[in-house]
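What follows is the residue order along each chain.
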Amino acid sequence: VLGMFGLLMVTAFVNASAIRDFSCNTAQMMFSTPLRKSEYLLSRFLASTLVASLPMLGISVGVIVGSWLPFAEAEAIGPNNLFAHFQAYFYWALPNIIFSSAIIFAVAINVRSTVAAFITTIVIAVINGIAANLMTKLDDQTIGALMNPF
């Protein structure tokens, strides 16, 4: 559920960044400057990926801060390991955000359509579901692991 929320969030941020100049008819002005198109698009991609990664970081920070509140039941929450939050964000969330934003940004730049970006998100989610299903049914989980982008 959190992965799908993250994927929709990434799509919203990256798509808006990718097609804003084309939808507002300012692309001609931006590409007439000495700035190369590749530099401009790379900076848009990196900035939108950074912005899309901040809410996921906020979730982890919120869980950490919430566990420190005086009225939080320590027995119900369990131990708070900061390295586990660090590891989950940098090993799982951030690579998934980078991977999905690269695909969605490429589709949004080439097609210049919000609908196409969200259809790409749905396709990624369906492939993720199929791969997860394959991984539970296989004796050798290599095929499912290779299919699963997340």
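Preceding this paragraph is the structure being described.
Below you will find a few notes about this structure.

**Points about the packing of aromatic side chains**
So, step 1. Here the structure, examined in full by the defined rule, presents four aromatic pairs.
So, step 2. On the numbers, 4.7 Å between centres and 45° between planes, the contact of F86 with F90 is tilted. Taken together, the residues span about one helical turn, with F86 and F90 both in helix α5 (residues 82–111) at a distance of four residues.
So, step 3. Note on F90: relative accessible area 38%, which makes it partly exposed.
So, step 4. On the basis of an interplanar angle of 90° and a centroid distance of 5.0 Å, the ring pair of Y89 and F90 is categorised as edge-to-face.
So, step 5. Among the residues examined, Y89 registers a relative accessible area of 8% and is labelled buried.
So, step 6. Here a set of aromatic residues connected by ring pairs shows up, and it is made of F83, F86, Y89 and F90.

Definitions and cut-offs
Residues numbered from 1 in each chain as written. Predicted model: local features only at pLDDT ≥ 70, side-chain atom pairs only at ≥ 80, totals over all residues. Heavy atoms only, no water. Phe/Tyr/Trp six-rings, centres within 6.5 Å; stacked < 30°, edge-to-face > 60°. Helix = DSSP H or I, 4+ residues; strand = E, 2+ residues; numbered from the N terminus. Buried < 20%, exposed > 50% of the residue type's maximum accessible area, 1.4 Å probe, protein only.

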